[in-house]
Amino acid sequence: MKMDQKTAIALMEEMCKKQFGCAVSDATKQQLYKALCLVVKDILIEKNVEFSKSVKEKEEKQVYYMSMEFLVGTSLRNNLANLKIEKQFAQALSKAGVDINELYEIEPDAGLGNGGLGRLASCYMDSLSSLNIPATGYSIRYEFGIFKQKIIDGWQMEFPDDWLNMGDVWLSARGDESVEVKFGGKVDEHFDENGYRAVHTDYSTVVAVPYDMYISGYDSKAVNKLVLWSAKSPKSLDMTAFSRGDYAKALEENTKAEVISKILYPADDHMDGKILRIKQQYFFVSASLQTIVKKHFKKYSTLDNLPEKVSVHINDTHPALCVPELMRILMDEYNYGWDDAWEISQKTLSYTNHTVMSEALERWNENMFREQLPRIYQIVAEINRRLLQKLHEIYPGDFAKIDYMAVIANGEVRMANLCLACCHTINGVSKLHSTILTESIFRDYYNIDNSKFTNVTNGIAYRRWLLQSNPGLSSYLDELIGTKYRKNSTHLEELLKFKGEKEVIDRLYEIKKENKIRLADYITTANGINVDPDSIFDIQIKRLHEYKRQLLNVLQILYMYNKIKENPNLDIPPRTFIFAAKASAGYFMAKQIIRLIVAVSNTINNDPVAREKIKVVFIEDYRVSLAEKIIPAADISEQISIAGKEASGTGNMKLMINGAVTLGTLDGANVEISEQVGEDNIFLFGLKSHEVEELWRQGYSPLDYVRTNPELQKVLDMLTSNVLGARFDDIAKSLLTNAYGTADAYMTLADFDSYVKAQQRVSETYMDKYKFGDMSLTNIAKAGIFSSDRAIMEYAKGIWHCR
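Residues numbered from 1 in each chain as written. Predicted model: local features only at pLDDT ≥ 70, side-chain atom pairs only at ≥ 80, totals over all residues. Heavy atoms only, no water.

Remarks on the pairing of strand β9 (residues 204-216)
Counting buried positions over the 13 residues of β9 gives twelve, a clear majority of the element. Strand direction decides the pairing type here: strand β5 (residues 171-173) and β9, joined by three bridges, are antiparallel. Directly across from A173, in β9, lies its bridge partner Y211. With five bridges connecting them, strand β6 (residues 179-183) and β9 associate as antiparallel partners. Note on β9: the bridge partner recorded for V181 is V206. Bridge count between β9 and strand β10 (residues 223-232): ten bridges; the pairing is antiparallel. Looking across to β10, one finds that Y214 is bridged to K225. (Buried < 20%, exposed > 50% of the residue type's maximum accessible area, 1.4 Å probe, protein only. Helix = DSSP H or I, 4+ residues; strand = E, 2+ residues; numbered from the N terminus. Pairing = 2+ DSSP bridges.)

Structure below.
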C-alpha cells in the first residue's frame, strides 16, 4: 500500500469509527493512540503474512530465539520509523490538530524485561527483521513486568507496572493455539514393543496461551513475531466450591496458574520464589518447543531434518531447559530413541552465555527440581550419567574437575553445564568475555572440544538509538555523509574526514546542547532539580549491581565535594552527575547504594557552594523510553565495572554512537571500543582483568588502600557519620570488613585513586572544546561496528547456519 497523508488520515478515520464509533475529530487522545497503533498493527500483520508465505514456499531455515526477557520499550514510533511512514502520519494528524508526539507519550514501555539481556534480545529481533531473516522470539507475557520504581525518603519502593492497560494494543491473542504444560506428578516407566516408555501421570496442567507481537525491520520485507505466553488454568472456576459459597477456593486453581505470568523475576530469596522461577522457565520453554516441533512436523512429516530447518537459540541460562524438553518431546511424543533424539537436540540447540558471575549461572535445588519437573529430571539425570561416563574417560581420577563439570552434583542441577553438555555452539558476548569463558569457567569443556566455542560481540539497534532518539544528530549526519549509514552503520566512519573542522564541532556541540536542554527540562519536572545544560553531563545508567560500581562513582563525587569545600574557587568545569538504575527487589546492598546516591544528591544540591560546581541527580524508574531521553544528552559514559565481570554491555555502545566519550575500565566491550577509537579518544583507568586476578591471588586487602590515602579515608568517614543526613555503615562494612562476604569484593577501593585521576583528565580535556569535540566525533564515527545487524549476521553465518 502506498502511504500518503490522504491514505493515512483515511485509515485513522476508519479505525476510529470501527473501534470507538467516532471520527478522528471527536476522539480522545487515548482513542487516537490506540487507533494509530491498530492501523500500524494491521500493516505489520499484512507484511508478516506475505513474508511468512515466502519463507514457507522457499523452505527457509527458521531461527527461534528463546529469552526470559525482551525489553522492547515503546513500539509506535519504532514501527512507524521502520516502515518509513512516520512523516505521513505525523503530517496527516497535524492537519487534524493532533501532535503525534503527544500520542507517543501515552504509550507505556512494554514490561517484558529488566536490563541489558532483554534489551539485547529486542535489538536482535529488530535486526533479524531488518535483515529479512525468518525468526520468532519466545518469552512470557508478564502482566506486571519488572516493577515501577519510586524513590521515597531515599529508599527504592516497588509498585506494579500495569503496562498492559495501554500496551496490550500491540498483542494478538491466539487462544486456538494454546498448549498444555505439565508440572509435578510422577513418571510411570515400562517397556513395550517399541522399547522403553515413560508416562507422566498425576500432574497438574497449566494452559499456555500465545500472544503475538509483530516486530518490524528497517525498510525491509520481513515482519517477524515475538510470541509471549500467558498462563491460565484449564479449570478457570471450581463451580462446586463457588456454589457452596467458598469463592476464594473456587478461583484458587486459576490464581495458582496465572501467577506464573504475573511478574518478571519474582524475588527468589525463599523457596516459593525459587519454585515460581523454575516454573516460569519451564512454562515458556515447553510451550515454545511443543509449538516449534508441531509446526515442523506438520510441514515435513518428520523430525529427522529438524536441525536443517530449525535453529533454537538459548539466550543465557534461563531457557536452558530447552535441552531436556526437546529430548522429552522427541522421545515421549515422537518415539525417538535416546541416541537419535540426542543427536537432533545437539544439532538444533545453541547457547549464549551472558555472565561470568557465579550467582547468575543458575543452579536449582535437586529435590525441588525433581518434585516440580519429574520427567525432565529423569532426562537431566540420564544426560548427567552419560556425561560423567565420558568425563571419567577423559579426566580419569580427577574427581574435582569432573564434579565441577557435572550437570548434577552436590544436590544441585546446573543450567550452564546442561547447555555445555548439549549445545553445538557456545558463544560469549565480547572478546574479553569469551576469552574468560574459555580460559576460566568453561575451560575444561573448551579443552574437550574447542570448536564449539566462539565469540559474537553484542550490538545495538542503532537506528532506534540514533535516528529515532537523536533526530538532530542524525539529520546533521545526513548533511555531512549522506544517508547510507541508515542502512549500513559502517558508513558512519565517513564522519572521520571532518575531524578537526571547528565548524562541524561547533554544530555537534549545539545539537548536544539542545538534547541537554530537553533532559534538563525533564529533570526539573521529574526531580524538581534545575541543572545547567552547559555543565558536563556525566551519565551512569544501568542495572544497580555492586560489580557495576555505581558506588565508585559516588565515592569520587564525595571526593570532589570535599575538594570544593576546601577550595570554593577550584577551577573545574561544572559537572552534573546523572544516575538511573533499578535494584532487584531483594538486593539489600544495591538498595543501600541507591539510598546513598539520593543522600549525596540532597547534600550537594542544597550546598550553596558545591552546587555551583557539581550537582547529582537520581532519575527514578529507569526504562527504555527514559534512556531515549538521557543518552542523546550524555557527554561522559560511565562504564566502570571491575575488569573481568561485565560480559559486554550495550549501554556503552548506545552512548558512544550519540557522541558520549567513555570513561571506563578495560572490561567487556569497552576493550573493543578502545580498539576502535584509540586510547586518545577514551578515558581509561583501573586494574586490568589479569591484574585483578593477580591481586586476589596475592591477597587483596582494601584497608591497605585506605591507610595510604587520607582523601579516601575522609570519604569513607562520611559514610559512618551523619554528614549526609543519614549513616551508611552497611556500605562501609561491605568495603572494609567481611560482614557481607568478601571485603570490597569488586575492588572499588583498589581502583579509587586511578578513577579520581581519570575524572581529573575528563575535566581538563572538556575545557578544550575542540579536543573533546574531536573525541566525541571519533566515537560516533567508530560506533558502526557495534550494530546488532553485524552481530546477527555473525550468528546467522557462524552459529545458526541460515542465509
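What to know about the pattern of salt bridges
The full count for this structure, using the stated rule, is 52 salt bridges. Put simply, E143 and K262 hold a salt bridge, and the shortest N to O gap is 2.7 Å. Of this pair, E143 sits in the loop between β2 (135-140) and β3 (148-152) while K262 sits in the loop between α10 (252-258) and α11 (271-300), and the two are 119 residues apart along the sequence. For K262, a relative accessible area of 22% corresponds to the partly exposed category. Where R507 meets E514, a salt bridge forms, and the shortest distance between an N and an O atom there is 3.8 Å. Judged by its relative accessible area of 27%, R507 falls in the partly exposed class. Here E514 falls in the partly exposed class, since its relative accessible area comes to 36%. Connected through shared salt-bridge partners, K148, K582, D621 and R623 make up one network. (Salt bridge = Lys/Arg side-chain N within 4 Å of Asp/Glu carboxyl O.)

Details of the sheet that holds strand β13 (residues 363-365)
Overall, antiparallel pairing links the three strands, which are arranged β13-β15-β14 in an open sheet. Across the chains shown, the open sheet's two edge strands, defined by having one partner strand only, are β13 and β14 (408-409). Packing of helix α18 (residues 415-422) onto the sheet brings it into contact with β13 and β15 (412-414), and relative to β15 it is tilted by some 50 degrees. (Contact = heavy atoms within 4.5 Å. Axes fitted to C-alpha atoms, helices over the stretch in contact; angles between N-to-C directions.)

Observations concerning helix α31 (residues 710-719)
Listing the buried residues of α31 in full gives L712, V715, L716, M718 and L719. Looking straight down α31, one finds that the buried residues subtend no more than 150 degrees of arc, so they occupy a single side. Taken together, the buried residues of α31 touch α24 (550-566), α25 (588-605), α30 (702-707), α32 (729-736) and α33 (752-766). Capping of α31 at its N-terminal end is provided by N709; its side-chain oxygen lies 3.1 Å from the backbone amide nitrogen of E711. (Arc of directions from axis to C-beta. Polar contact = N/O pair within 3.5 Å; in protein donor to acceptor, adjacent residues only side chain to side chain.)

Quick word on the environment of Q372
Structurally, Q372 is set in helix α15 (residues 366-372). Taking C-alpha positions, Q372 is 9.7 Å from K186, a pair spaced 186 residues apart along the chain. In contact with Q372, other than residues within four places in its own chain, are F183, G184, I275, I278 and K279.

A closer look at empty space enclosed by the protein
Scanning the model with the defined rule gives five cavities of 30 Å³ or more in all. By volume, the largest cavity amounts to about 140 Å³. The wall of the largest cavity is formed by 15 residues, among which V72, N78, S122, I215 and R464 lie closest to the centre. Of all the secondary structure elements, the ones that give two or more residues to the lining of the largest cavity are α3 (76-82), α6 (116-130) and β9. Top contributing element to the lining of the largest cavity by residue count: α6, with four residues. Residue classes in the lining of the largest cavity are distributed as six nonpolar, six polar and three charged. Each pocket or cavity is described by its volume, and for the second largest cavity that value is around 60 Å³. Along its surface, the second largest cavity is lined by K542, Q639, I640, S641, E646, S648, G649, N652, D667 and N670. (1 Å grid on protein atoms, 1.4 Å probe; cavity = no way out; pocket = protein on both sides within 12 Å on 5 of 7 lines; lining within 4 Å. Points joined across faces, edges and corners; volume = space filled by probe spheres on them. Nonpolar A, V, L, I, M, F, W, Y, C, P; charged D, E, K, R; others polar.)

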